[in-house]
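A look at the structure
Each chain is listed here by its residues.
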Amino acid sequence: MLYRVAICDDNQRDAEYVLSLLTNWAKKNQIAIGAECFPSAESFLFHYAEDKTYDILLLDIEMGKMDGVTMAREIRRENQTVQIVFITGYSDYISEGYEVAALHYLMKPVKEEKLCSVLDRAAEKLSKNEKVLNFVIGGEMVRVPIYQIRYADVFGNYVTIHALSDVTVKMTLGELEKQLDERFYRVGRSTIINLTQISRVTKTEIKLSDGTAIPLPRGAYDGINRAIINMR
């Protein structure tokens, strides 16, 4: 598989340094990459409008008119699978990364060992996005990529999987749970949630990035917060 990688940094020297580390990582792991550098968020978004095939974004936060976090928000409006890594000289922005599901923050100057570790995680997550669930419904095969599943809930003997399109199948929630991975967390008896889709958790509900509100059972608040932290 070829991984498309964009490095976005208004400091050319920093961008070239990160590119050299990325190239070393790819050679060491025998991974094919296509990497490009962009001097600003605006220049990347202009290119991205015509080419949305990027897998990994290595973004400086402090840039000119548009910062890296604002750029990431634009990307996340339509792309939930691209792996976003922020590179910054300051730790003040870390809390904002939750909003855009950033994979990690790296502090400048970037250390090769840490970048390689983060790239390993990004590659692992991208490979998991290739997994697909297959269901036979009405005599037809329906394929649901796991990364598209926002949540699933049960009613009687049927489970509804909420993805790009809702799919209802006769099975138990436990059977579905066994086919999913660590991105998913079971909330009570009736719901499984994709942790990467969560934008906010209160004592009474879980808010997903698409605006869906899911009631949170009593006593489940601490558990789901631990699951979110452990996933990161």
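**Here we look at the layout of surface pockets**
Space inside the largest pocket adds up to approximately 530 Å³. Lining of the largest pocket is provided by 22 residues; of these, Arg76, Asn79, Gln80, Gln197 and Ser209 occupy positions nearest its centre. At the level of secondary structure, the elements contributing two or more residues to the lining of the largest pocket comprise α3 (68–76) and β13 (198–201). Residues belonging to the lining of the largest pocket are distributed by class as follows: seven nonpolar, eight polar and seven charged.

**Remarks on the pairing of strand β12 (residues 191–194)**
The alternating pattern of β12 places Thr191 and Ile193 and Ile192 and Asn194 on opposite faces, both of which are buried. Here strand β8 (residues 151–155) runs beside β12; their pairing, made up of three bridges, is antiparallel. Bridged to Ala152 within β12 is Ile192. Where strand β11 (residues 184–187) meets β12, four bridges bridge the pair, whose relative direction is antiparallel. In the sheet register, Arg186 faces β12, and the bridge partner there is Ile192. Connecting the antiparallel pair β11 and β12 is a turn made up of three residues, with Gly188 showing a positive phi of about 65 degrees.

**Some words on the packing of helix α1 (residues 12–28) against helix α4 (residues 112–128)**
Across the interface, α1 lies against α4 with an axial gap of 10 Å and an inter-helix angle of 60 degrees. In terms of axis orientation, α1 runs oblique to α4. In this structure, the crossing between α1 and α4 has a hand that is right-handed. Counting all contacts with α1, which are made through Val18, Leu21, Leu22, Asn24 and Trp25, the residues of α4 involved are Glu112, Leu115, Cys116, Leu119, Asp120 and Ala123.

**Side note on empty space enclosed by the protein**
By the definition in use, this model includes one cavity of 30 Å³ or more. Put simply, the largest cavity is a space of about 320 Å³. Residue lining of the largest cavity: 19 residues in total, with Gln80, Gln83, Ala101, Lys125 and Thr196 positioned closest to the centre. Here the lining of the largest cavity is composed, by residue class, of seven nonpolar, seven polar and five charged.

**Focus: the pattern of salt bridges**
All chains considered together, the criterion is met by nine salt bridges. Of the charged contacts in the structure, one is a salt bridge between Arg4 and Asp51, with a shortest N-O distance of 3.0 Å. Of this pair, Arg4 sits in strand β1 (residues 2–8) while Asp51 sits in the loop between α2 (41–48) and β3 (56–60), and the two are 47 residues apart along the sequence. Take Arg4 and Asp51: they sit in the same class, and that class is buried. Lys108 is the partner of Asp14 in a salt bridge, and the nearest nitrogen-oxygen pair spans 3.1 Å. Linking Asp14 in helix α1 with Lys108 in the loop between β5 (104–107) and α4, this pair joins segments that are 94 residues apart in sequence. Judged by its relative accessible area of 26%, Asp14 falls in the partly exposed class. Under the relative-accessibility criterion, Lys108 is labelled partly exposed at 28%. Each of Asp9, Asp14, Asp60 and Lys108 takes part in one network of salt bridges that share partners.

**Overview of helix α6 (residues 221–231)**
The set of residues buried in α6 consists of Gly223, Ile224, Ala227, Ile228 and Met231. One side of α6 carries all its buried residues, which in axial view fall inside an arc of 135 degrees. Exposed side chains of α6 directed beyond 90 degrees from the buried face belong to Arg226, Ile229 and Asn230. In this structure, the buried residues of α6 make contact with β11, β13 and β14 (205–208).

**Points about the nonpolar core**
Of all hydrophobic cores here, the largest spans 23 residues; its most connected members are Val18, Trp25, Ile56, Leu58, Leu106, Val110 and Leu115. At the level of secondary structure, the elements contributing two or more residues to this core comprise β1, α1, β3, β4 (83–88) and α4. Residue contacts for Ile56: discarding those within four places in its chain leaves Arg4, Val5, Ala6, Val82, Gln83, Leu119, Ala122 and Leu126. Tyr54, Met71, Ala72 and Val100 belong to the second largest nonpolar core, which has 22 residues in total.

Definitions and limits used
- Here, residues in each chain are numbered from 1, in the same order as that chain's written sequence.
- The model is predicted, so local features are restricted to residues of pLDDT at least 70 and side-chain atom pairs to those at 80 or more, both for listing and for counting; the totals for chains, interfaces and linings are taken over all residues.
- Heavy atoms throughout the structure, all of them, feed into the side-chain values; hydrogens and water do not.
- A cavity, in this analysis, means grid points on a 1 Å lattice covering only the protein atoms where a 1.4 Å probe fits yet has no way out; a pocket is instead an open set bounded by protein on both sides within 12 Å along at least five of seven lines, and a residue lines either one if it has an atom within 4 Å of a point.
- Grid points are joined across faces, edges and corners, and a volume is the space filled by probe spheres set on the points.
- A run of H or I in DSSP counts as a helix once it spans at least four residues, and a run of E counts as a strand once it spans at least two, with each numbered from the N terminus.
- Here the nonpolar group is Ala, Val, Leu, Ile, Met, Phe, Trp, Tyr, Cys and Pro; Asp, Glu, Lys and Arg are the charged ones; every other residue, Gly included, is treated as polar.
- The cut-offs for exposure are 20% and 50% of the maximum accessible area for each residue type, with area from a 1.4 Å probe on protein chains only; residues under the lower value are buried, those over the upper are exposed, and the others partly exposed.
- Here, a strand pair is defined by DSSP locating no fewer than two bridges between the strands.
- Axes, fitted as lines to C-alpha atoms, cover a helix only where it is in contact. Angles between the N-to-C directions of the axes lie from 0 to 180 degrees.
- Oblique is the label for any angle not covered by the other classes, which are roughly parallel (under 35 degrees), roughly antiparallel (over 145) and roughly perpendicular (65 to 115).
- In this scheme, a crossing is called left-handed if the near helix is turned counterclockwise away from the far one by less than a right angle; it is called right-handed if the turn is clockwise.
- A contact between two residues is defined here by any heavy atoms of the two lying within 4.5 Å.
- Put simply, a salt bridge is a Lys or Arg side-chain nitrogen that is within 4 Å of an Asp or Glu carboxyl oxygen.
- Our arc is simply the arc of the directions from the helix axis toward the C-beta atoms.
- In this description, a nonpolar core means a group of buried Ala, Val, Leu, Ile, Met, Phe, Trp, Tyr and Cys residues linked to one another through side-chain atoms lying within 4.5 Å.

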